[in-house]
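# Coordinates in review
Residue-level listing of the chains:
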Amino acid sequence: MTNSITHWADGAAFSGDSGQWADVTNPATGRVSGRVALASRADANHVIASAKRAAAGWGTTSLARRTQVLFSFRELLNSRKEELAVLITAEHGKVHSDALGEISRGQEVVEFACGISHLLKGGHSESASTGVDVHSKRDPLGVVGIISPFNFPAMVPMWFFPVAIAAGNAVVLKPSEKDPSAALWMADLWKEAGLPDGVFNVLQGDKGAVDALLESPDVAAISFVGSTPIAEYVYEQASRNGKRVQALGGAKNHMVVLPDADLDLAADAAVNAGYGSAGERCMAISVLVAVEPIADDLVARIAERTGTLRIGDGSKEATAEADMGPLVTLAHRDRVAGFIDSGEAAGAKLVVDGRGIAVNGDESGFWLGPTLFDHVTPEMEIYQEEIFGPVLSVVRVKTYDEAVELINSNEYGNGTAIFTNDGGAARRFEQDVEVGMIGINVPIPVPVSYYSFGGWKRSLFGDTHAHGVEGVHFFTRGKVVTSRWINPAARPEGGLELGFPRND
């Protein structure tokens, strides 16, 4: 018997009336574990209407009450995150420890949002003009939509909804149909935390659900994470419909290793950042740029480490612990395997082949092991495309300047890293690269929650990054109020004057 995964509106599960469902599979077994509702336009309108009804009341709820609910959600999440991790592993495939890590990083944003009262403070100028005071304030937008990807079904939504809710908005979350259960679990947790019905809603579905959010006049803003072609589509459609948009797209993240670097540290980092979560993350390192003469040594160290990785079922109930789980779907596994075929055909040296590996678990799972290519060049497809799988490409360059030019000529600008013991080189790298997030001897430079997450170039559409102060500004809009209160004892003379107002 399979589980039916529904929408969530008005504080309760809601099946909808579309009659359309999609299979949800367990990537470690290849078997169908559930079916998720695919929203009709009427279903979407129902969920959005739930958010609209709740938005006005929540937006005028005191900051004290809002933060109390945030703190309650944080405590419940902390005490029950094992439950959520089990759901994530069962539908996404990442190993249990990685699922727990995802939740912890998302919880950082919840904790950041608990202090939103400070960030919503306005300014005040007394007697800006004679008898005139000016103050600023930030108001919620109303209803906001969040469209999240399959690779982080808990963390990515938590980049957005804690800040949106703390700021006084109502949320409609549209999760990936590949792993939709985490969204419903979090909706139920919000209800338990005391969030009023309708403030947090879940709209399941595919492109039809996305388009409903992009087109609805009742949705004021859209937050999106996914591939660059879809991010561009979301940005264009939502903007055309007058919405505020932050659309985070794809990446091709480079890790530069200079000759003076600690090569053991760099090799460990390359394996961790290239193959963690089976490479299904936008901050994964997919290109290692080796500045000669270290390439041979570094490639050998990476290859040696890949041989120690345990590939298998990452669930907590599995008999043996795994380092890396399956890919999310059969179609995606086959797509990534096709890139390995392409790299071989283009002449790259296949040092480690992840196809046909032995796994600890059901052979029907969507398995692909760590793959390492050497002597990759920029014209190859495996360099140009975002593979989103456990494939690491080594590009050899002769100089630091050549490495920087390689990064800056790429269409993406999400994350990058440099490994070196030279502080001057690291400082210069910070200035030289045209990338939004930079790591110095840190392979995956995801910022802490009170800084903002996001890239440059075709890795971001819109002007606002996720969480941090930029996130607070995205989910609020500013007002400036100019006021004058007449002192009855010193009432000024009246009169008409049609010229521009003076500040005296």
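Criteria and cut-off values
- Residues numbered from 1 in each chain as written.
- Predicted model: local features only at pLDDT ≥ 70, side-chain atom pairs only at ≥ 80, totals over all residues.
- Heavy atoms only, no water.
- Helix = DSSP H or I, 4+ residues; strand = E, 2+ residues; numbered from the N terminus.
- Rg over C-alpha atoms; globule rule 2.2 N^0.38 Å.
- Buried < 20%, exposed > 50% of the residue type's maximum accessible area, 1.4 Å probe, protein only.
- Contact = heavy atoms within 4.5 Å.
- Areas by Shrake-Rupley, 256 points an atom, 1.4 Å probe, with all protein chains shown as cover.
- Lys, Arg positive; Asp, Glu negative; His and termini not counted.
- Charge placed at Lys NZ, Arg CZ, Asp CG, Glu CD.
- Patch = residues over 30% accessible without salt bridge, like charges linked within 9 Å, V, L, I, M, F, W, Y side chains within 5 Å.
- Salt bridge = Lys/Arg side-chain N within 4 Å of Asp/Glu carboxyl O.
- 1 Å grid on protein atoms, 1.4 Å probe; cavity = no way out; pocket = protein on both sides within 12 Å on 5 of 7 lines; lining within 4 Å.
- Points joined across faces, edges and corners; volume = space filled by probe spheres on them.
- Phe/Tyr/Trp six-rings, centres within 6.5 Å; stacked < 30°, edge-to-face > 60°.
- Pairing = 2+ DSSP bridges.
- Axes fitted to C-alpha atoms, helices over the stretch in contact; angles between N-to-C directions.
- Nonpolar A, V, L, I, M, F, W, Y, C, P; charged D, E, K, R; others polar.
- Right-handed = clockwise from strand over helix to strand, strands pointing away.
- Core = buried A, V, L, I, M, F, W, Y, C linked by side-chain atoms within 4.5 Å.

We now examine the overall build of the protein chain. What the protein chain contains, in helices and strands, is 15 helices and 23 strands. Taking 504 residues into account, the globule formula puts the C-alpha radius of gyration at 23 Å, and the protein chain, at 25 Å, falls close to it. Dimensions of the protein chain, computed from the C-alpha atoms along their principal axes, are close to 85 × 60 × 40 Å. Burial statistics for the protein chain: of 504 residues in total, 55% are counted as buried. By sequence separation, contacts in the protein chain at least 24 residues apart represent 72% of the contacts at least 6 residues apart. As displayed, the protein chain offers around 20,900 Å² of accessible surface, 51% of which is attributable to carbon and sulfur atoms. Here the protein chain carries 43 positive and 63 negative side-chain charges, and the mean point of each set is 7 Å from the other.

On the surface, Val448, Tyr450 and Tyr451 cluster together into a nonpolar patch covering about 350 Å² of accessible area. On the accessibility criterion, tyrosine 451 (55% relative accessible area) is exposed.

By volume, the largest pocket amounts to about 1,100 Å³. Lining the largest pocket are 47 residues, and of these Pro149, Phe150, Gly226, Ser227 and Phe388 sit closest to its centre. Secondary structure elements with two or more residues in the lining of the largest pocket: helix H3 (96-113), helix H5 (155-166), helix H7 (207-215), strand S11 (221-225), helix H8 (228-240) and helix H11 (330-346). Element by element, the count of residues in the lining of the largest pocket is highest for H8, at five residues.

Throughout the structure, instances matching the rule amount to eleven aromatic pairs. Ring plane angle 85° and centroid distance 5.8 Å describe the contact between phenylalanine 150 and phenylalanine 388, whose orientation is recorded as edge-to-face. With phenylalanine 150 in the loop between strand S8 (143-147) and H5 and phenylalanine 388 in the loop between helix H12 (381-384) and strand S17 (391-397), this residue pair connects regions lying 238 residues apart in the sequence. The two residues phenylalanine 150 and phenylalanine 388 agree in class, both being buried. With a centroid separation of 5.7 Å and 45° between ring planes, the pair formed by tyrosine 450 and tyrosine 451 is classed as tilted.

Working definition: the strands of a sheet are paired by backbone hydrogen bonds and lie parallel or antiparallel to each other. Strand order across the open sheet formed by seven strands is S15-S16-S17-S14-S13-S19-S20, with mixed pairing between neighbours. Sheet topology places strand S15 (349-352) and strand S20 (437-440) at the edges, where each strand pairs with a single neighbour. Each neighbouring strand pair of the sheet contributes to a mean axis angle of 20°, computed without reference to strand direction. In the sheet, strand S16 (residues 371-374) pairs with S17 via three bridges, with the strands oriented parallel. Among the inter-strand pairings, phenylalanine 373 is bridged to a residue of S17, identified as serine 393. Contacting strand S13 (253-257), strand S19 (415-419) and S20, helix H14 (residues 423-432) crosses the sheet at an angle of about 175° to S20.

In total, this model carries 31 salt bridges according to the counting rule given. Close ionic contact of arginine 301 with aspartate 297 constitutes a salt bridge, the shortest N to O distance being 2.9 Å. One end of the pair is arginine 301 and the other is aspartate 297, both in helix H10 (residues 295-306) and four residues apart, which spans about a single turn. Given the relative accessible area of 34%, aspartate 297 is considered partly exposed. Between arginine 428 and aspartate 432 there is a salt bridge, with its nearest N and O atoms 3.1 Å apart. Taken as a pair, arginine 428 and aspartate 432 lie in helix H14 at a separation of four residues, close to a single helical turn. Relative accessible area serves as the criterion here: at 43%, arginine 428 is assigned to the partly exposed category. By relative accessible area, aspartate 432 is classed as partly exposed at 27%. Where salt bridges share partners, they join Asp264, Asp268, Asp297, Arg301 and Arg305 into one cluster.

Applying the stated criterion across every chain yields a total of five cavities of 30 Å³ or more. Put simply, the largest cavity is a space of about 100 Å³. For the largest cavity, the lining is made up of 15 residues, of which Arg281, Ala284, Ser286, Glu386 and Phe388 are closest to its centre. Within the lining of the largest cavity, the residues separate by chemical class into seven nonpolar, five polar and three charged.

Summarising burial for strand S14 (residues 285-291): seven of the seven residues are buried, a large majority. Here S13 runs beside S14; their pairing, made up of five bridges, is parallel. The residue bridging methionine 255 from the neighbouring strand is leucine 288, located in S14. For the crossover from S13 across helix H9 (residues 263-275) to S14, the handedness is right-handed. Looking at chain direction, S14 and S17 are connected through five bridges and run parallel. Bridged to valine 289 within S17 is valine 395.

Another point: the nonpolar core. Generally speaking, nonpolar side chains in soluble globular proteins are found buried as a group. One finds Leu84, Trp159, Phe161, Ile165, Trp190 and Phe200 to be the most contacted residues of the largest nonpolar core, which totals 68 residues. No other element matches the ten residues that H5 contributes to this core. Of all hydrophobic cores here, the second largest spans 61 residues; its members include Val287, Val299, Phe339 and Ala403.

Overall, antiparallel pairing links the three strands, which are arranged S6-S7-S23 in an open sheet. Every other strand in the sheet has two partners, leaving strand S6 (124-129) and strand S23 (476-484) as the edge strands with one partner each. With direction set aside, neighbouring strand axes in the sheet form an average angle of 30°. Direction of pairing for strand S7 (residues 132-140) relative to S23: antiparallel, over a ladder of nine bridges. Bridged to valine 134 within S23 is threonine 482.

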